[in-house]
Amino acid sequence: MKERWFIKNRKADYKTMSLKYGISELMSKLIINRDIFEDEIIKSYVTPEFNKLHNPREMKDLELAVNILKEKIITNKKIRIIGDYDVDGVISVYMLYTALKKCNANVDYEIPDRIKDGYGINEKIIKEAKDDGIDTILTCDNGISAIDQIKYAKELGLTVIVTDHHDIPFVEDENNKKIFLRSDADAILNPKQKDCNYKFKSLCGAGVAFKLIEVLYEEFNIDKEECYKLIEFLAIATVCDVVDLIDENRIFVKKGLEKINNTTNLGLGELIRENEIQDKTISVYHLGFIIGPCINASGRLDNAKKGLRLLLADEEDEAVHLAKELVKLNAERKDMTMKGVEDAIEIIEGTEIINDKVLVVYLPHIHESLAGIIAGRIRERYNAPTLILTNGEEFAKGSGRSIEEYNMFEKLLECKELLEKFGGHPMAAGLSIKEENIDKLREKLNENSMLKDEDLIKKIKIDCVLPLDQINLRLIEDLEKLEPFGKGNEKALFGIKDVNVIKAQILGKNRNVLKLKLKSNSDKIFDGIYFGDIEEFEQTVCDKYNSEELSKLYDGIFNDVKLDFVFYPNINEYNGNVSIQIVIQNYR
């Protein structure tokens, strides 16, 4: 795939910043490159401690919600938590249920079925709550858009508290002015509300739930340390919901990882063991690609309550059994996803869709819960907005993933006459559509895409040029202070031109790792490691130079091969030896 490389060139007084915050000029530059400019946020970035968390009482309706819950708990009214079936929803339910139980609440929970119920609170769930003698519904990670459903709950005489983090719903008047909607809920906690003064707007659903728990515990005189025990679960939700890892989210994940690595939760411990990562230091990678997907798999292919029951398990046998089930479900989900991705590629490359700028692919056989994951993989492969559709019970249903240059929600809005239902935001969307309208949607989206060829070229953003001779252990230790990495706080990437590659070697039992010897300007030798497509690398060298130069490269003989690299440096520890290693992300 073609790539365009850009160096971020943000202007700032890095020397002054370095002195003020006690950090290096390089670290100052990397912080500014991540659009972190405000004094308080820089301080919490440099030292992510609990004392940097914002005052939860500043969140609109939070004290009102706590007062309602306190009165319900004291009078033993029945409370039902209603969550969502993804990781953020499951963790939110777990945290609220645990906290309310600690306050001696009469509380239970419900999580909608992805296929039967769809997303969020609905009239069936509300009617069941009423029939079960529930007094108060507490939503988490959903509810902000449930205008009609909450009206129905209020008509039935229920108290409703909403905790959510999704965008506030709106309608446009005749002048295209947005009018934001608010339901009849007794209290609504969402920092994105226009009149909410809470400083940080990018919490996940579990983050909003945590802020509620902070004040609830204060009101019941429960030690703050009990609140912080929930941070390890909040870290999982924060990473898996892909919110920006800055400000409070950075604190949640940094502190949460410390606790996860010493977890006493039976279910989480068994899930770590079942995935055979008990001897590793658990990182953001493990949360986002191993632990989170196992919890998510229950909501995708079975019932999300299975993931919740794992976290609530207080018997070892139950924890072991549920952990095994979730790992098995996740393995099944991975196989199904891989097959779906392969089928999508075959359709794209075997039809005229390959010429489209917006990829719309109908895969009637795939599980509808996998459409979003497959859309994301196809978007990554082709760097093009992608919609994956499959058979639903009534209509075809699907999910889309976009690129920065294409506002998917607005483009679907232009096609609303073809859609039965849709929602989302610029980078992702969900929809349902009659099967006979799928081709019409594809045609209209491509006719009106406004995308240029260069928009579909992948952009590689580099923090700065970093000569090999400037890399040392102290610099790498400095870079480690930037962790945890994730959305909004991406791993630092550096660029370097015209590096003399003096030797290449293919490693790994699957021969899928390329080790390179790189020579610096002062003739120092650095190890480089590349985990990408080796055949493509070889073809690039042959195209630019020739096959003879490639052979020299593998033989370690003097050659003319010089390449540009995008990389990050790290420490390689092997057999007790510590050395600097260059991890190559891109080359040209």
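Keep in mind that this is a model prediction, so the values were computed, not measured. (Residues numbered from 1 in each chain as written. Predicted model: local features only at pLDDT ≥ 70, side-chain atom pairs only at ≥ 80, totals over all residues. Heavy atoms only, no water.)

### Details of the overall build of the protein chain
Our working definition: Helix and strand definitions follow DSSP, with helices as H or I runs of at least four residues and strands as E runs of at least two, each counted in order from the N terminus. Atoms considered for the radius of gyration are the C-alpha atoms alone. The globule rule reads 2.2 Å times the number of residues to the power 0.38. For accessible areas, the Shrake-Rupley method is used with a probe of radius 1.4 Å. Any residue's cover is judged against the shown protein chains and nothing else. Only four residue types enter the tally: Lys and Arg on the positive side, Asp and Glu on the negative side, with His and both chain ends excluded. Charged side chains are reduced to one point each, which is NZ for Lys, CZ for Arg, CG for Asp and CD for Glu.
Along the protein chain, the regular secondary structure elements total 21 helices and 20 strands. Here the C-alpha radius of gyration of the protein chain, 26 Å, is about what a compact globule of 588 residues would show, namely 25 Å. Principal-axis analysis of the C-alpha atoms gives the protein chain an extent of 80 × 60 × 55 Å. Per element, the accessible surface of the protein chain, about 28000 Å² overall, is 46% carbon and sulfur. For the protein chain, the centre of its 85 positive side-chain charges and the centre of its 105 negative side-chain charges are spaced 3 Å apart.

### Some remarks on the nonpolar core
The condition that has to hold: Think of a nonpolar core as a cluster: buried Ala, Val, Leu, Ile, Met, Phe, Trp, Tyr and Cys residues, connected wherever their side-chain atoms sit within 4.5 Å. Three exposure classes are used, based on accessible area relative to the maximum for each residue type with a 1.4 Å probe and protein chains only: buried under 20%, partly exposed in between, and exposed over 50%. Just so you know, the domain bounds were taken from an automatic or database domain assignment.
Judged by nonpolar contacts, the single largest core of 130 residues is most densely connected at I91, M95, I291 and F565. Residue contributions to this core peak at ten residues, all from helix α5 (residues 87-102). Each of domain 1 (4-9 + 460-587) and domain 2 (56-223) accounts for three or more of the residues forming this core. Of all hydrophobic cores here, the second largest spans 38 residues; its members include A371, L412, I433 and L451.

### Regarding the pairing of strand β13 (residues 428-433)
Note the cut-off: Pairing between strands is defined by DSSP: at least two bridges between them are needed.
Among the six residues that make up β13, five are buried, leaving the element largely enclosed by the rest of the structure. Where strand β11 (residues 396-401) and β13 come together, six bridges link them in antiparallel fashion. Pairing of G398 across the sheet is with L431, part of β13. For strand β12 (residues 419-425) and β13, the ladder comprises six bridges, and the chain directions are antiparallel. Residue pairing for β13: H425 is matched across the bridge by A428.

### Topic: the domain arrangement of the protein chain
The domain architecture assigned to the protein chain consists of domain 1 (4-9 + 460-587), domain 2 (56-223) and domain 3 (358-450). Distance from the C-alpha centre of domain 1 to the C-alpha centre of domain 2: 48 Å.

### Details of the environment of K127
Basically, it comes down to this: Contact between two residues is taken to exist if any of their heavy atoms lie within 4.5 Å; hydrogens are not considered.
Structurally, K127 can be placed in helix α6 (residues 123-131). With relative accessibility at 38%, the residue K127 sits in the partly exposed group. C-alpha of K127 to C-alpha of L156: the two residues are 29 residues apart in sequence and 8.3 Å apart in space. Those residues in contact with K127 that sit more than four places away from it in its chain are Y152 and L156.

### Thoughts on the environment of I68
Examined against the element boundaries, I68 turns out to sit in helix α4 (residues 62-74). Assessed through its relative accessible area of 15%, I68 is described here as buried. Ignoring anything within four residues of it in the chain, the contact list for I68 reads T159, I161, D186 and A187.

### What to know about the state of the cysteines
Short version of the rule: Cysteine sulfur atoms are paired as a disulfide whenever they come within 2.5 Å of each other.
Under the definition given, this model contains zero disulfides. Here C140 stays free of any disulfide, with the sulfur of C204 as its closest cysteine sulfur at 11 Å.

### Focus on the environment of H425
Of note, H425 is situated in strand β12. By relative accessible area, H425 is classed as partly exposed at 38%. Here the alpha-carbon distance between H425 and N142, two residues 283 residues apart in the chain, equals 16 Å. Excluding anything up to four places from it in sequence, H425 contacts D167, M408 and F409.

### Here we look at the pairing of strand β4 (residues 136-140)
Filter applied, for reference: Seen with the strands pointing away from the viewer, any crossover whose path from the first strand over the helix to the second strand runs clockwise is right-handed.
Burial of β4 is extensive: five of the five residues sit out of reach of the surface. Both faces of β4 are covered, namely the face carrying T136, L138 and C140 and the face carrying I137 and T139. Both strand β2 (residues 78-82) and β4 contribute to a ladder of four bridges, which runs parallel. Within β4, the residue paired with I82 across the bridge is T139. Across five bridges, β4 lies against strand β5 (residues 159-163) in parallel orientation. By the bridge assignment, T139 is partnered in β5 with V162. What joins β4 to β5 is helix α7 (residues 147-155), and the crossover it makes is right-handed.

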